[in-house]
Amino acid sequence: MDPLKTIKSEAVSADMSFLEMLDVLNEELSEKGEDPVHFDHDCREGICGMCSLHINGKPHGPQQTTTCQLHMRSFKDGDTITIEPWRAKAFPVMKDLVVDRSAFDRIIQAGGYVSVNTGGVPDANEIPIPKKIADEAFDAATCIGCGACVAACKNASAMLFTSAKISQLALLPQGQVERKERAEKMIAQMDAEGFGACTNTGACSAECPKGISLTNIARMNREYFSAVVSSNNV
Ligand code: SF4
Ligand code: FES
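Note that the structure is a prediction, hence the values are computed from the model and not measured.

It is not clear to me how the site of ligand 1 should be interpreted in this structure. Could you clarify?
Around ligand 1 sit 13 residues in total, of which Cys143, Cys146, Gly147, Cys149 and Cys208 are the nearest. Elements with a contribution of two residues or more to the shell around ligand 1: helix 4 (148-152) and helix 5 (159-170). Each residue belonging to the shell around ligand 1 can be placed in one class, and the counts come to 11 nonpolar, 2 polar and no charged.

Rendered as C-alpha cells:
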C-alpha cells in the first residue's frame, strides 16, 4: 500500500464540509494533472453511511458525527490533517480512502429481513406497539452501516452494527417469524467475515455517529443464547 502523502491546499475555508474540502483538493490535483484522492460518499446528509474516513486517528474525525457532517471549522488554520481509510481485515482497502464494506451487506443478507404474507397492504396501526419498544427499535434502526464502530474497536469487532440490525427486528412483532435463527445466522456470518470479538471497551458506541447504544449488544447476546438453548432442546 502507498505510504501517507502530504498534499497542500490554500483554498480551504472554515465553512466547507470535510468532503467539500476533499473536492477542492481533488480539483487542484486534477488541474495539475495528478491523480485525485479516491474517497466514498453519497448522500452528504449523514444518512447513507458511505463517507467513512479515519481523520486524525478517529473514525469520522473529532466530532461524533459522520465525515460529511464534519466542517473544517473543527480544525485550526494551517493544520496538517491525517486521513486514512478504515483499518480492519474485513474491510479491505480498494484504493486510497475507499474500503470494501460489503461484509456488512452479507451480514444483513444472512438474517436482517422479515417474512410477510403477500396480499393487501395492512393498515399502518393494525398492530399496536408500545411507545418504549417503538422508540428502542427506531434508535437501533438509525444505524447507517458506516463501519465507524469497527474502525474504533481495537478488535475490529462488528458487534455494535450487527446488534443494531438484530435489535431493530427482534423488538417488533413483525420481526418474530425469523427471530429464532436470525441472531445465530447473522453472528455466524459476522464471524465468517473476519470481524473480531467484543471485549466491552465501548469505543464503538463512543464513536458511533448515531449514538447506537451498547444495550443492543446485550440484547443480541440474549437473542443468541436463547436461540441456541431452544435449538438444543428441540
Ligand atoms: S453502529 Fe454506529 S458506527 Fe456502527 S455502523 Fe451503525 S451507525 Fe456506524
Ligand atoms: S455521505 Fe452519506 S452519511 Fe456521509
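What's the story with helix 6 (residues 179-192) in this structure? I'm lost.
The periodicity of an α-helix, 3.6 residues per turn, causes residues three or four positions apart to be oriented the same way. In this model helix 6 runs 20 Å from its N-terminal to its C-terminal C-alpha over 14 residues, within 8% of the 20 Å that 1.5 Å per residue would give. Residues Arg182, Ala183, Met186, Ile187 and Met190 constitute the buried set of helix 6. Burial along helix 6 is one-sided: seen end-on, the buried residues are contained in an arc of 105°. Downstream of helix 6 by one or two residues, glycine 194 has phi in the positive range, about 95°.

How do you make sense of the side chain of lysine 165 when you look at a structure like this?
Relative to the helices and strands, lysine 165 resides in helix 5. Each residue touching lysine 165, except ones within four places of it in the same chain, is listed here: Ile108, Cys143 and Met186.

I'm lost on the sheet that holds strand 1 (residues 54-55) in this one. Help?
The strands making up a sheet associate through hydrogen bonds between their backbones, and the pairing can be parallel or antiparallel. The strand order across the open sheet formed by 3 strands is 2-1-3, and the pairing between neighbours is antiparallel. Single-partner strands in this sheet number two, and they are strand 2 (58-59) and strand 3 (83-84).

Quick question: what am I supposed to make of the environment of threonine 162 here?
Relative to the helices and strands, threonine 162 is located in helix 5. Through-space distance from the C-alpha of threonine 162 to that of glycine 57 is 24 Å; in sequence the pair is 105 residues apart. Dropping the residues within four chain positions of it, threonine 162 is found in contact with Ile107, Met186, Met190 and Met220. In this structure the side chain of threonine 162 is engaged in a polar contact, spanning 2.9 Å, whose partner is the backbone oxygen of alanine 158.

Please clarify how unusual backbone geometry should be interpreted in this entry.
Among all residues save glycine, negative phi is the norm, and among peptide bonds the norm is trans. Backbone geometry at aspartate 96 places phi at a positive 50°, although glycine is not the residue there. Overall, the relative accessible area of 32% leaves aspartate 96 in the partly exposed class. The phi torsion at alanine 156 lies on the positive side, around 50°, for a residue other than glycine. Turning to its location among the elements, alanine 156 is positioned in the loop between helix 4 and helix 5.

Would you mind going over the nonpolar core with me for this structure?
Soluble globular proteins tend to bury their nonpolar side chains together. Phe91, Phe104, Ile107, Val150, Leu160, Met190 and Phe195 are the most contacted members of the largest nonpolar core, which totals 33 residues. Broken down by secondary-structure element, the contributors of at least two residues to this core are helix 2 (102-111), helix 4, helix 5, helix 6 and helix 8 (215-233). Looking at this core, the element that brings in the most residues is helix 5, giving 5 residues. Ignoring any residue separated from it by four or fewer positions in sequence, one finds phenylalanine 195 in contact with Ala90, Phe91, Ala103, Phe104, Ile107, Val150, Ala156, Ser157, Ala158 and Met190.

In this structure, what is going on with the packing of helix 2 against helix 6? I would like to understand it.
Helix packing for two helices is described by the angle between their axes and how far apart those axes are. Relative orientation of the contacting elements helix 2 and helix 6 amounts to 155°, with a least axis distance of 8 Å. Taken together, helix 2 and helix 6 sit at an angle that is classed as roughly antiparallel. Helix-helix and strand crossings are classified by hand; for helix 2 and helix 6 the assignment is right-handed. Residues Arg106, Ile107, Ile108, Ala110 and Gly111 of helix 2 lie in contact with helix 6, whose contacting residues are Arg182, Lys185, Met186, Gln189 and Met190. A breakdown of the residues in the contact of helix 2 with helix 6 according to their chemical character gives 5 nonpolar, 2 polar and 3 charged.

I'm lost on the pattern of salt bridges in this one. Help?
A side chain with one charge can pair with a side chain of the opposite charge if their charged atoms come near. The tally for this structure, following the rule as stated, stands at 11 salt bridges. With a closest N to O distance of 3.9 Å, arginine 73 and aspartate 15 form a salt bridge. With arginine 73 in the loop between strand 2 and strand 3 and aspartate 15 in the segment before helix 1 (18-31), this residue pair connects regions lying 58 residues apart in the sequence. Of the two residues examined, arginine 73 and aspartate 15, each falls in the exposed class. Two residues, glutamate 207 and lysine 58, come together in a salt bridge whose shortest N-O distance is 3.6 Å. With glutamate 207 in helix 7 (residues 203-207) and lysine 58 in strand 2, this residue pair connects regions lying 149 residues apart in the sequence. A single salt-bridge network, built from bridges that share partners, covers Lys132, Glu136 and Arg219.

Any chance you could explain the packing of aromatic side chains here in plain terms?
Each aromatic ring pair is described using two quantities: the centre-to-centre distance and the angle formed by the ring planes. Enumeration over the complete set of coordinates arrives at 6 aromatic pairs. Ring geometry for phenylalanine 18 and phenylalanine 75: centres 5.8 Å apart, planes at 45°, overall tilted. Here phenylalanine 75 lies in the loop between strand 2 and strand 3 and phenylalanine 18 lies in helix 1, a separation of 57 residues in the sequence. Neither residue differs from the other here; phenylalanine 18 and phenylalanine 75 are each classed as buried. Through pairs of rings, three or more aromatic residues link up here, namely Phe91, Phe104, Phe161 and Phe195.

Cut-offs applied
Residues numbered from 1 in each chain as written. Chains lettered and ligands numbered in written order. Predicted model: local features only at pLDDT ≥ 70, side-chain atom pairs only at ≥ 80, totals over all residues. Heavy atoms only, no water. Near = heavy atom within 4 Å. Helix = DSSP H or I, 4+ residues; strand = E, 2+ residues; numbered from the N terminus. Nonpolar A, V, L, I, M, F, W, Y, C, P; charged D, E, K, R; others polar. Expected span 1.5 Å × (residues − 1). Buried < 20%, exposed > 50% of the residue type's maximum accessible area, 1.4 Å probe, protein only. Arc of directions from axis to C-beta. Contact = heavy atoms within 4.5 Å. Pairing = 2+ DSSP bridges. Polar contact = N/O pair within 3.5 Å; in protein donor to acceptor, adjacent residues only side chain to side chain. Core = buried A, V, L, I, M, F, W, Y, C linked by side-chain atoms within 4.5 Å. Axes fitted to C-alpha atoms, helices over the stretch in contact; angles between N-to-C directions. Parallel < 35°, antiparallel > 145°, perpendicular 65-115°, else oblique. Left-handed = near helix turned anticlockwise from the far one by under 90°. Salt bridge = Lys/Arg side-chain N within 4 Å of Asp/Glu carboxyl O. Phe/Tyr/Trp six-rings, centres within 6.5 Å; stacked < 30°, edge-to-face > 60°.

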